[in-house]
Amino acid sequence: MAIKFGRPIDLRDVARNPAAGAPPVLDLTIRPRRNRKAEWARRMVRENVLTTDDLIWPLFVVQGDRTRSTVASMPGVERLSVDEIVRDAERAAKLDIPCIALFPYTEPSLRDEHGSEACNPDNLVCQAVRAIKKEFPEIGVLCDVALDPFTSHGHDGLLKDGRILNDETVAVLVRQALVQAEAGCDIIAPSDMMDGRVGAIRQALDQSGFLDVQIMAYAAKYASAFYGPFRDAIGSAKTLTGDKRTYQMDSANSDEALREVELDIAEGADMVMVKPGMPYLDVVRRVKDTFAMPTFAYQVSGEYAMIAAAANNGWIDGDRAMMESLLAFKRAGADGVLTYFAPQAAERLRRHG
Ligand SMILES: NCc1[nH]cc(CCC(=O)O)c1CC(=O)O
Ligand SMILES: [Mg+2]
């Protein structure tokens with residue numbers, strides 16, 4: 001007999017007459033609360049778990065020596081000089097966090113219209129990758145590919161007459177990806193949303209012998225208000241002219257996300273990502289169910305800031321909200337999460353399992 005979410009229909013209406021005068025007892029055969037009666041019972045039926053293996057920790061790198069500068073809109077997050085980022089990589093390695101992601105704060109004097117610094121083999125990100133890989137070769141290093149930390153106008157691509165040029169931008173992104181791979185980056189993560197960049201980067205990596213360098217495509221990346229604090233962190237908030245809606249997706253769409261993801265997979269992405277995270281869990285679920293690919297979500301800066309700010313005000317329990325938000329990604333089908341909470345979550349998982 002087919003049963004879906006309950007008992008067979010013909011068993012549902014069996015009369016169960018309580019004795020007259022008995023205390024009020026609902027005539028319920030099924031009481032879902034039984035499975036929640038104690039922690040051991042809840043553990044038995046728990047469907048999803050968050051583990052440290054699910055965490056990718058984004059870090060910001062800044063010029064200098066022994067420098068850690070706070071980011072006002074991201075309490076608890078700092079920009080780190082190369083020597084300091086190695087210390088955080090060590091912290092990640094000790095916590096068993098599998099992978100860290102690097103983002104640069106580029107000095108304004110090094111930013112130009114073409115984002116040239118992106119292709120400098122000795123830029124901050126490349127320096128950081130080399131320094132981290134030298135001391136901690138066993139930790140995964142992911143590098144973002146996009147021009148916004150390097151352009152004077154704050155866009156992810158080349159700007160001409162108010163338009164973002166697609167194919168010209170892809171040519172630059174390919175060079176950026178190659179200098180990162182040469183520095184020792186393990187995962188190239190294009191976040192720019194130009195068409196065709198995954199295929200072009202894959203081809204260039206292969207031709208240069210980087211057959212094992214993976215690509216995690218920011219495949220369904222939305223034009224979002226939740227990136228604000230990140231733009232503070234990398235110093236592009238004030239310089240950004242206009243918005244990114246001609247390349248990042250419209251938040252109203254999810255069929256379009258499937259088409260974007262399909263293209264990136266066809267072009268050679270090893271892993272795909274949905275971004276932002278919490279407001280787009282429906283998209284994570286659709287992507288996972290449709291493609292069965294390693295699927296990641298980015299709990300972005302604004303999501304982090306909301307939880308951190310409410311927690312710092314005593315309005316929510318920050319630790320519990322953090323863990324609940326991260327578990328939600330697993331429930332939605334994500335294989336992992338890029339999150340600024342990574343070290344706190346890993347520490348908590350170590351304490352509480
Ligand atoms: N292309 C750059 C990039 N890579 C990651 C983020 C956002 C990450 C975050 O908000 O935490 C952005 C910002 C943007 O697209 O404007
Ligand atoms: Mg695309």
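Residues numbered from 1 in each chain as written. Chains lettered and ligands numbered in written order. Predicted model: local features only at pLDDT ≥ 70, side-chain atom pairs only at ≥ 80, totals over all residues. Heavy atoms only, no water.

Caption draft 1: Here's a closer look at the pairing of strand β4 (residues 99-104). Counting buried residues along β4, six of its six residues qualify, which places the element largely inside the surrounding structure. Where strand β1 (residues 55-61) meets β4, six bridges bridge the pair, whose relative direction is parallel. Paired with Ile56 across the bridge in β4 is Cys99. In this sheet, strand β5 (residues 140-145) lies alongside β4 in parallel orientation, the contact comprising four bridges. Across the sheet, residue Leu102 finds its bridge partner in β5, namely Cys143. Read from β4 through helix α4 (residues 124-135) to β5, the crossover connection turns out right-handed. (Buried < 20%, exposed > 50% of the residue type's maximum accessible area, 1.4 Å probe, protein only. Helix = DSSP H or I, 4+ residues; strand = E, 2+ residues; numbered from the N terminus. Pairing = 2+ DSSP bridges. Right-handed = clockwise from strand over helix to strand, strands pointing away.)

Caption draft 2: Layout of the environment of Ala309. Positionally, Ala309 belongs in helix α10 (residues 301-312). Along the backbone, Ala309 and Ser73 are 236 residues apart, and their C-alpha atoms lie at a distance of 8.8 Å.

Caption draft 3: Local environment of a positive patch on the surface. A cluster of basic side chains, namely Arg31, Arg33, Arg34, Arg36 and Lys37, defines a positive patch on the protein surface. Looking at where Arg33 falls in the secondary structure, it is placed in the loop between α1 (9-12) and α2 (39-45). (Patch = residues over 30% accessible without salt bridge, like charges linked within 9 Å, V, L, I, M, F, W, Y side chains within 5 Å. Areas by Shrake-Rupley, 256 points an atom, 1.4 Å probe, with all protein chains shown as cover. Salt bridge = Lys/Arg side-chain N within 4 Å of Asp/Glu carboxyl O. Lys, Arg positive; Asp, Glu negative; His and termini not counted. Charge placed at Lys NZ, Arg CZ, Asp CG, Glu CD.)

Caption draft 4: Fine view of the environment of Ser325. Inspection of the secondary structure puts Ser325 in helix α11 (residues 318-331). Spatially, the C-alpha atoms of Ser325 and Gly277 are 9.4 Å apart, while their sequence positions differ by 48 residues. Among all residues touching Ser325, those that are not within four sequence positions of it are Met278, Gln299 and Ile307. (Contact = heavy atoms within 4.5 Å.)

Caption draft 5: Broad picture of the site of ligand 1. As a matter of local geometry, ligand 1 sits amid 18 residues, with Asp156, Lys221, Lys275, Ser301 and Tyr340 nearest to it. At 2.7 Å, a side-chain N or O of Asp156 approaches a nitrogen atom of ligand 1. The fraction of the free accessible surface of ligand 1 (400 Å²) that becomes covered by protein chains is 100%. Looking at the shell around ligand 1 residue by residue, the classes come out as eight nonpolar, three polar and seven charged. (Near = heavy atom within 4 Å. Polar contact = N/O pair within 3.5 Å; in protein donor to acceptor, adjacent residues only side chain to side chain. Nonpolar A, V, L, I, M, F, W, Y, C, P; charged D, E, K, R; others polar.)

Caption draft 6: Broad picture of the nonpolar core. Phe60, Ile85, Ile100, Leu102, Ile132, Leu205 and Met216 are the most contacted members of the largest nonpolar core, which totals 112 residues. Apart from the residues within four sequence positions on either side, Leu205 is in contact with Ala177, Leu178, Ala181, Ile188, Phe210, Leu211, Val213 and Ile215. (Core = buried A, V, L, I, M, F, W, Y, C linked by side-chain atoms within 4.5 Å.)

Caption draft 7: A look at a nonpolar patch on the surface. Residues Trp40, Met44 and Val45 make up a contiguous nonpolar surface patch of roughly 360 Å² in combined accessible area. Its place among the elements puts Trp40 in helix α2. Given the relative accessible area of 51%, Trp40 is considered exposed.

Caption draft 8: Layout of helix α8 (residues 255-266). In this model, α8 (12 residues) spans 17 Å end to end at C-alpha, consistent with the 16 Å of a helix rising 1.5 Å per residue. Within the sequence span of α8, burial applies to Ala257, Leu258, Glu260, Val261 and Asp264. All buried residues of α8 project into a common sector of 165° when viewed along the axis, lining one side. Of the residues in α8, the exposed ones pointing more than 90 degrees away from the buried face are Arg259 and Ala266. Residues of α8 that are buried in the fold lie against α6 (197-207), β9 (214-221), β10 (271-275) and α9 (281-291). Just past α8, the residue Gly268 takes up positive phi, approximately 115°. (Expected span 1.5 Å × (residues − 1). Arc of directions from axis to C-beta.)

Caption draft 9: Main features of α6. Buried within α6 are the following residues: Arg197, Val198, Ile201, Arg202, Ala204 and Leu205. On its buried side, α6 packs onto β5, α5 (166-183), β8 (187-190), β9 and α8.

Caption draft 10: Highlighting the confidence of the model for the protein. Confidence along the protein averages 95 in pLDDT terms, with 95% of residues attaining 70 or more. For this predicted complex, the interface score ipTM comes out at 0.97, alongside a pTM of 0.94. (pLDDT = per-residue confidence, 0-100.)

Caption draft 11: Local environment of the packing of α5 against α6. Running from N to C, α5 and α6 point in directions that differ by 45°, and their axes come no closer than 9 Å. With respect to their mutual orientation, α5 and α6 come out oblique. For α5 against α6, the interelement crossing comes out right-handed. In this structure, α5 contributes Val170, Leu173, Val174, Ala177, Leu178 and Ala181 to the contact, and α6 contributes Arg197, Ala200, Ile201, Ala204 and Leu205. A class-by-class count of the residues in the contact of α5 with α6 yields 10 nonpolar, no polar and one charged. (Axes fitted to C-alpha atoms, helices over the stretch in contact; angles between N-to-C directions. Parallel < 35°, antiparallel > 145°, perpendicular 65-115°, else oblique. Left-handed = near helix turned anticlockwise from the far one by under 90°.)

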